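Residue strings, one per chain:
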Amino acid sequence: MATSESIQMEAARGRQSPEPIRVPARAELAGFVDGGAGHEAVPAAARGDRGRVPEAPETYYSVSLSVPASPSGLHLSQLAACASVRSDGGARVAPWPSAEAAPPLELQKQARHQSQPTLTIRSEEPPLQRLRTVSRSDSTRDRRFDHFKTFSGRLERQLSNLRGVVPEIEPAESKISEEGTDDDEVPTADRYFAALEGPELETLRPTEVSALPEDETWPFLLRFPISAFGMCLGVSSQAMLWKALQSEPATAFLRVSPHVNHALWWVSVALMAVVSSIYLLKIVFYFEAVRREFHHPIRVNFFFAPWIACLFLVKGLPRPVWTIHHVVWYVLMAPILALDLKVYGQWMSGGDRRLSKVASPTNHLAVVGNFVGALLGARMGLREAPIFFFAVGLAHYVVLFVTLYQRLPTNVQLPKELHPVFFLFVAAPSVASMAWARLCGEFNHGAKIAYFISLFLYMSLVVRINFFRGFRFSLAWWAYTFPMTSAAIATTLYASAVTNVLTRALAVGLAGIASVTVAGVLVATMYHAFVRRDLFPNDVSIAITQRPKAKFSKILAHLRSSKELVFAVSRHGGGSDTSSESPSPMARGRGRAEP
């Protein structure tokens, strides 16, 4: 049965009284070394220098020792000397005033195998100083988002060490729970299908528990999705459209000023820079969230969008495209080729990411990049490489087109909020017709076949007015812009090859519809982003957890940690070196808390 005893000690040498310990200010304790220093490490107040008036106010502490019963016969005061006392400021008081006052080696051996005393320090410092100490601590920081952080977590720990905040000791229960779940691992494709529902895997199932709080707003970078690059696609394609309206003979009667293309191009560059900078910050600070988006069966298609937008910017450059160095094209197409090998390999190799299971209209983004690269490469004077990318895109577009038309009956239908992505059906054949026309040097029959397919898909979607009504605004609305603009550009090229009133009117009409659509969606985006501030809701698709392990695994993890602790204690206490001291419980706790 454990006994408790309260002891009050004075830090002055050669004198004991019931007065509480007098500890100097934190500035005087900054030079102390844990584990016992020599006579020089003892402060002036502890050596009996009573004549000097201290500059900083003194702080009084009341020390309480709780010692269990020990059969070793070791005196309580000798056990108390083995413990190290730490104040709230982070400084540690030396356990022995001098080397001569150290306990005998026999007592150290006995004390090594017994329970060490537990010190409870009650501070009587002024309330303002105590409030300042608490405010500098990181104990009140929200740690629920830490497992998504990368560099920021290490940076916060470094700043805490610089300002003298000692890292907290995590309880054993939290370690057991961390070992019982694998939140740091990227969920597999079958885990996404099991935890999320909907054709785009955006909604968490009712039976699942989110790893992040659902009743509060997450940090902005965690809510910023890769699909935000759809804004760059819509605006940069407008720069291409107005450049075509200015340069093509079929629309020369409009007398479009080149300043329109210049203004749209600079706006596209600015928007691309802003979106890219934000997402780069997300990569730096929340790389785990980006990694989960890349492994998402649907979100991975949007990783083509930044490079497609860059190709649009090069194509819509105010100066002639053929004056740009070919290295620019190769640099932009290298990431698209890498993504093609990744995504197309998953479509073909089967498994949970096979095309028949993950097919959705957003997969068109994985195909459009090949056609846009072929279009730009042919315009820049390249020959073989653009044909290669056109062939790869055409083969996979045919497979994707057929798969989307005969989706399995078990696949759920797209909700109304995602109906705009159906316009991505128009994008691929439109860009393919322009690319083939540039490769052949004329708008021949092959280009016309692809253009007529896109025109028919465009009309079949437009006539279904109710199909695009009755749902709220979201980033998915940007799926209207890029396909409409591509169809307008293709119509302009077709009107130059087949010149008549109908083709010219069709080119002007589709160009006007595309421009009005882009302007309207852009205004709505600005309104929801800066006025209503609901453009980026919580991204629950990245907050799913791994399946929890069995309770027996938690018990095994707890036993394993206990065994490691026993081995560490026996190895530390059973050594032949009798001159080493046993560390205090607080020192052992600090050792476990450090990585």
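Under an unreviewed UniProt entry, the name given to the protein chain is S-type anion channel SLAH2, and the source organism is Urochloa decumbens. Recorded in UniProt for the protein chain, the comment headed Sequence similarities (unreviewed entry) runs: "Belongs to the SLAC1 S-type anion channel family."

## Points about a nonpolar patch on the surface
A surface patch of nonpolar side chains, amounting to about 450 Å² of accessible area, comprises Met 526, Tyr 527, Phe 530 and Val 531. With respect to the element layout, Met 526 can be found in helix α19 (residues 501–531).

## Describing the packing of aromatic side chains
Applying the stated criterion to the full structure yields 26 aromatic pairs. For the ring pair Tyr 405 and Phe 425, a centre distance of 6.5 Å and an interplane angle of 85° mean the geometry is edge-to-face. One end of the pair, Tyr 405, is in helix α15 (residues 384–405); the other, Phe 425, is in helix α16 (residues 424–440), with 20 residues separating them in the sequence. The buried category is assigned to Phe 425, whose relative accessible area is 9%. A network of ring pairs unites the aromatic residues Tyr 397, Phe 401, Tyr 405, Phe 422 and Phe 425 as a single cluster.

## Structural notes on the nonpolar core
The nonpolar side chains of soluble globular proteins are, as a tendency, buried together. Ranked by size, the top nonpolar core spans 122 residues in total, and within it Phe 229, Leu 233, Val 275, Phe 371 and Phe 423 carry the most contacts. A per-element tally of this core places α16 first, with 11 residues. If near-sequence neighbours (up to four positions away) are discounted, Phe 423 is found in contact with Tyr 458, Leu 461, Val 462, Phe 468, Ala 479, Tyr 480, Pro 483 and Met 484.

## Section: unusual backbone geometry
Leave glycine aside and you will find that most residues have negative phi; peptide bonds, for their part, are mostly trans. With phi around 50°, Arg 255 is a residue other than glycine that occupies positive phi space. By secondary structure assignment, the location of Arg 255 is in the loop between α8 (230–247) and α9 (258–285). You can call Arg 255 exposed: its relative accessible area is 74%. One non-glycine residue, Arg 533, lies in positive phi territory at about 55°. Note on Arg 533: relative accessible area 70%, which makes it exposed.

## Some details on the packing of α8 against helix α11 (residues 305–315)
Two elements in contact, α8 and α11, have axes separated by 8 Å at closest approach and are oriented at 20°. The angle between α8 and α11 places the two elements in the roughly parallel class. Note that α8 runs across α11; the crossing there is left-handed. Where α8 abuts α11, its residues Cys 232, Leu 233, Ser 236, Ser 237, Met 240 and Lys 243 lie against Ala 305, Ile 308, Ala 309, Phe 312, Leu 313 and Lys 315. Each residue belonging to the contact of α8 with α11 can be placed in one class, and the counts come to 8 nonpolar, 2 polar and 2 charged.

## A short note on the packing of α11 against helix α12 (residues 326–349)
At a minimum axis separation of 10 Å, α11 and α12 run at an interaxial angle of 155°. Taken together, the axes of α11 and α12 are roughly antiparallel relative to one another. Between α11 and α12 the crossing geometry is left-handed. The residues of α12 that touch α11, namely those facing Trp 307, Cys 310, Leu 311 and Val 314, are Val 328, Leu 332, Met 333, Pro 335, Ile 336 and Leu 339. A per-class count over the contact of α11 with α12 returns 10 nonpolar, no polar and no charged.

## A look at the environment of Pro 420
Inspection of the secondary structure assignment puts Pro 420 in the loop between α15 and α16. Measuring from C-alpha to C-alpha, the distance between Pro 420 and Tyr 480 comes to 5.9 Å, with 60 residues separating the pair along the chain. With residues up to four places along the chain from it excluded, the contact list for Pro 420 reads Phe 468, Phe 471, Ala 476, Trp 477, Ala 479 and Tyr 480.

## Details of the state of the cysteines
Scanning all chains against the criterion turns up 0 disulfides. Between Cys 310, a cysteine without a disulfide, and Cys 232, which holds the nearest cysteine sulfur, the sulfur-to-sulfur distance is 8.4 Å.

Reading the values: rules and limits
- Residues numbered from 1 in each chain as written.
- Predicted model: local features only at pLDDT ≥ 70, side-chain atom pairs only at ≥ 80, totals over all residues.
- Heavy atoms only, no water.
- UniProt positions renumbered as here; feature names shortened; annotations may be inferred.
- Patch = residues over 30% accessible without salt bridge, like charges linked within 9 Å, V, L, I, M, F, W, Y side chains within 5 Å.
- Areas by Shrake-Rupley, 256 points an atom, 1.4 Å probe, with all protein chains shown as cover.
- Salt bridge = Lys/Arg side-chain N within 4 Å of Asp/Glu carboxyl O.
- Helix = DSSP H or I, 4+ residues; strand = E, 2+ residues; numbered from the N terminus.
- Phe/Tyr/Trp six-rings, centres within 6.5 Å; stacked < 30°, edge-to-face > 60°.
- Buried < 20%, exposed > 50% of the residue type's maximum accessible area, 1.4 Å probe, protein only.
- Core = buried A, V, L, I, M, F, W, Y, C linked by side-chain atoms within 4.5 Å.
- Contact = heavy atoms within 4.5 Å.
- Axes fitted to C-alpha atoms, helices over the stretch in contact; angles between N-to-C directions.
- Parallel < 35°, antiparallel > 145°, perpendicular 65-115°, else oblique.
- Left-handed = near helix turned anticlockwise from the far one by under 90°.
- Nonpolar A, V, L, I, M, F, W, Y, C, P; charged D, E, K, R; others polar.
- Disulfide = S-S within 2.5 Å.

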